[in-house]
Amino acid sequence: MKLKIALIGCGRISFKHIEAYTNNSTTLEMVAACDPVIDRANEKIAEYKKVNIDSNAKPYADYKEMLKEEK
């Protein structure tokens, strides 16, 4: 069973989080990325999908909405 994670904040340092998620893809699964600028969330999901092709991660602009929808 993989640990499901969400990235909240897709700014300058977030590439390191994506790197860590992809390096640990056997134990981690990114299910969402959240940033007030939705394009940044989409960019981080695209980076993650380069390694994790089957990912169904969703972008969010509001972390409260994300927390309501994701488990």
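Bear in mind the structure is a predicted one, so any value in this text is a computation, not a measurement. (Residues numbered from 1 in each chain as written. Predicted model: local features only at pLDDT ≥ 70, side-chain atom pairs only at ≥ 80, totals over all residues. Heavy atoms only, no water.)

What about the overall build of the protein chain?
Item 1. Assigned secondary structure in the protein chain consists of 3 helices and 3 strands.
Item 2. N-terminal to C-terminal, the α/β element order of the protein chain is β-α-β-α-β-α.
Item 3. What you see for the protein chain is a C-alpha radius of gyration of 11 Å, in line with the 11 Å of a compact globule of 71 residues.
Item 4. Taken along its principal axes, the extent of the C-alpha atoms in the protein chain is 30 × 25 × 20 Å.
Item 5. For the protein chain, buried positions account for 34% of its 71 residues.
Item 6. In the protein chain, the share of contacts with a sequence separation of at least 24, taken over all contacts with a separation of at least 6, comes to 62%.
Item 7. Element-wise, carbon and sulfur atoms account for 54% of the exposed surface of the protein chain, whose accessible area totals about 4,900 Å².
Item 8. Averaged over its 12 positive side-chain charges, the protein chain has a centre that lies 3 Å from the centre of its 11 negative ones. (Helix = DSSP H or I, 4+ residues; strand = E, 2+ residues; numbered from the N terminus. Rg over C-alpha atoms; globule rule 2.2 N^0.38 Å. Buried < 20%, exposed > 50% of the residue type's maximum accessible area, 1.4 Å probe, protein only. Contact = heavy atoms within 4.5 Å. Areas by Shrake-Rupley, 256 points an atom, 1.4 Å probe, with all protein chains shown as cover. Lys, Arg positive; Asp, Glu negative; His and termini not counted. Charge placed at Lys NZ, Arg CZ, Asp CG, Glu CD.)

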